Amino acid sequence: MALPENGAIWPPEHLDDHFAQLAMWRAWWVGDPKDLTSQHQKLPGNRPSQYRGGAVGLIARTFWGKPIPTGEQQTKTHVPVAADIASMSADLLFSEPPKLTVPDQATRDRIEEFIEAGLWTPIREGADSGAALGGCYLRVVWDREVADSPWLGHVDADCAVPEFRFDRLRAVTFWHEISHAGDRVVRFLERHEPGKILLGLYEGNASNLGRKIPLTDSPETAALAGSLDEGDTIETGIEELTAFYVPNMGPNKVWRLPFGRSDYQGIEGLMDELDETYSSWHRDIRLAKARLKVPEYMLASLGRGQGATFDTDRELLMPVVSTPDSVHGNLELFQPAIRWEEHRETASELVQAIIRGAGYSMATFSPSDDAAGAITATEIKQRKERSLTTRGRKISYWTPALAAAVEVLLKIDVELFNGKATAQKPTVEFPDAVSPDPTEVATTIQTLDSAAAMSAVVKVQTLHPDWDEDQVEEEVARLIGSDVDRATTAMNAIAVLAANLGKAFAVGGVDEATAAAIMEYVLSKVVDEDGNPIDAGSTDFGGAAEHAEQVARDAAAAKAPPGAPGKPGGASAPGRPGGAGKRPASGPVKR
């Protein structure tokens, strides 16, 4: 399809309700009292709609829809809870950016360069506006005069006219107003279709595109004229669409369309009541200023027909007109009470209802509650369970969109900028929103390791979930190397012990059974590389034990006289078949 024809209604009429709702959500998000008033009452002053029934009257009778009485000033107060919700939503998603993983090293390096150039900044901004407007758009952008590589940008939902097919984005037209002077409006349109981008500049009015004019007629678009391949088209060189729609959440309760759902959907009335509550609170403060009721005789005349005044700094008062009487002759201080407790409780309940209605937990917005005492990561997750559930739902929309956008970004880099990396769709992995407690992690690793249910690789990955494969392999190699060193040290110590026991046995300081028991006890305390006790009879350490016993027997045979135990023809050695003693069981030797 081509760009819109001259004289087209803009935005298209079939999306009037959609853009009207987006304008209302944007007003809440921005928080400008004038914009809120404008969206709730399109006409200034008192109007008949306030007295109607039905939906029109309902909107008009909201706090922001009520007209300001003639002669009074604008005293309404807005509480920016809507902006806080959108900002918190973006923080939950991208305060710590997700991990992008691809098999090819050159592609990983290129993605890292994109990240260092600010890949996540427009994405986080898009998440903020998407929470308010029900979704956002990502697009691949390039300009050789600005940067030597493409980058990702975002477009707000109220600046796009999408075209869906089976709930999938097939084309989208972005636009923004370059100038708006009186009735003259100049708009720039950018239409994304598979394999190409169409650009157009239009001069019209507030509701009509008007006529198409050359890109060179505006300084903002003049440089783009040279990038057109044919007519008003830029060929991208790839088959994919260079724009992507990311719904905030679904399903949408208002439109049966693929548009996402705003975090504000269904809580607009509560936010209106919160603003009314705070405005009433501030009104109490204004009206509660102390005032004096002054009798007439205390006033200083300004002359005939000029009225009278009262000087609050005057120390000496003289009667002017009349004498004081018992009812009206004294100064009276008048100061109304400020209903701060009632207003505070009402505002608190409304805020909690708003946060719940948006899909979040109050603990997410009140971190001071967590500082009251030491709590574990598990307790934090329980307190913020609703927020984490909402975050998980949003991640399910962001994950495929980010993977597709980064893949197209790599393809444009290869096609138009001679990039050397292989264009691959990355695996997108969002980190945990709550960092695990190091003590809990260490306890888990120790428990599973004791049960022989965790390898060295899994231990390192559990302790360092943010490490890549190379870092994990290096750490595992260091751990295994240290285990080998400990095993070597243990073997050397056992060999020395065996030699010493042999010497002690040779001089009669210890018998063979005692030497064997000592060796078996020592060996039972040695652990393998997984931390499990080594069975002296089933490992090389078992051979060391046999070696120690043989050393002891050989030493005894060399020193003992003929016929003695251990000499040929002599009595059997203790612990051997036919001997006088029996080899004691493994364990500490009692001397």
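Further up the page is the structure itself.
The numbers attached to residues start from 1 for each chain and follow its sequence in the written order. Totals for whole chains, interfaces and linings use every residue, but because this is a predicted model, local features are given only for residues with pLDDT of at least 70 and side-chain atom pairs only at 80 or more, for both listing and counting. The side-chain numbers reported here are obtained from all heavy atoms of the structure, hydrogens and water having been left aside.

J.: Whenever I open this one, the packing of helix α12 (residues 438-450) against helix α13 (residues 456-463) confuses me. Can you help?
T.: Note on geometry: axes are lines fitted to C-alpha atoms, helical ones only across the stretch in contact, with angles between N-to-C directions running from 0 to 180 degrees. A helix here means a DSSP run of H or I that spans at least four residues, while a strand means a run of E at least two residues long, and both kinds are numbered starting from the N terminus. Put simply, α12 and α13 touch, their axes get as near as 10 Å, and they point 170° apart. For the element pair α12 / α13, the angle class is roughly antiparallel. Taking contact as the criterion, the partners of Val441, Ile445 and Asp449 in α12 are, on α13, Lys459, Thr462 and Leu463. Residue type decides the class: Asp, Glu, Lys and Arg count as charged, Ala, Val, Leu, Ile, Met, Phe, Trp, Tyr, Cys and Pro as nonpolar, and the leftover types, Gly among them, as polar. Taken together, the residues that form the contact of α12 with α13 break down as three nonpolar, one polar and two charged. By the definition adopted for this analysis, an angle is roughly parallel if under 35 degrees, roughly antiparallel if over 145, roughly perpendicular if from 65 to 115, and oblique otherwise. Whether two residues touch is decided by their heavy atoms; if any such pair falls within 4.5 Å, the residues are in contact.

J.: I'm lost on the pairing of strand β5 (residues 168-181) in this one. Help?
T.: For a regular strand, the rule is simple: side chains alternate between the two faces of the sheet. Bridge count for strand β4 (residues 160-165) against β5 is six bridges, and the pairing is antiparallel. The partner of proline 162 across the bridge, within β5, is valine 172. Between β4 and β5, which pair antiparallel in sequence order, lie two residues; one of them, phenylalanine 166, sits at a positive phi of approximately 55°. Pairing analysis gives nine bridges linking β5 to strand β6 (residues 184-193), with the strands arranged antiparallel. Among the inter-strand pairings, valine 172 is bridged to a residue of β6, identified as histidine 192. Any two strands between which DSSP finds at least two bridges are classified as paired. Between β5 and β6, which pair antiparallel in sequence order, lie two residues; one of them, glycine 182, sits at a positive phi of approximately 65°.

J.: Please explain unusual backbone geometry as it appears in this structure.
T.: Most peptide bonds take the trans form, and the phi angle of most residues other than glycine is negative. A cis geometry characterises the amide bond from tryptophan 10 onward to proline 11, with omega recorded as -5°. Mapping proline 11 onto the fold places it in the segment before α1 (16-30). The omega torsion across glycine 250 and proline 251 is -5°, close enough to zero to call that bond cis. Phi is positive for phenylalanine 166, close to 55°, though the residue is something other than glycine. Mapped onto the fold, phenylalanine 166 is located in the loop between β4 and β5. Look at asparagine 418: it is not a glycine, yet its phi comes out positive at around 55°.

J.: I tried to follow the packing of aromatic side chains on my own but got confused; where do I start?
T.: For any two aromatic rings, the description comes down to two numbers: the centre-to-centre distance and the angle of the planes. Classification of ring pairs rests on two measures: the distance between centres of Phe, Tyr or Trp rings, Trp counted by its six-membered ring, which must be within 6.5 Å, and the angle between planes, read as stacked under 30 degrees, edge-to-face over 60 and tilted in between. Enumeration according to the criterion identifies 12 aromatic pairs in this entry. Considering the side-chain rings of phenylalanine 94 and tryptophan 398, the 5.1 Å spacing of their centres and the 85° angle between planes classify their relative orientation as edge-to-face. A residue pair is termed long-range when its members are at least 10 positions apart, and phenylalanine 94 in helix α4 (residues 81-94) and tryptophan 398 in helix α11 (residues 385-417) qualify at 304 residues. Both residues of the pair, phenylalanine 94 and tryptophan 398, belong to the buried class. The interplanar angle of 80° and the centroid separation of 6.0 Å between the aromatic rings of tyrosine 360 and phenylalanine 365 together place this pair among those described as edge-to-face. Relative accessibility decides the category of a residue: with a 1.4 Å probe and only protein chains considered, values under 20% of the type maximum give buried, values over 50% give exposed, and everything between is partly exposed. Owing to a relative accessible area of 1%, tyrosine 360 belongs among the buried residues under this scheme. On the basis of relative accessible area, phenylalanine 365 is assigned to the partly exposed category, the value being 22%. Aromatic rings pair up to connect Tyr137, Phe164, Phe174, Tyr245 and Phe259 into one cluster. Whether a charge sits over a ring depends on NZ of Lys or CZ of Arg being within 6 Å of the ring centre and within 35 degrees of the ring normal. A cation sits over an aromatic face here: lysine 76 above phenylalanine 63, 4.9 Å from the ring centre.

The values reported here are purely geometric and, on their own, carry no functional implication.
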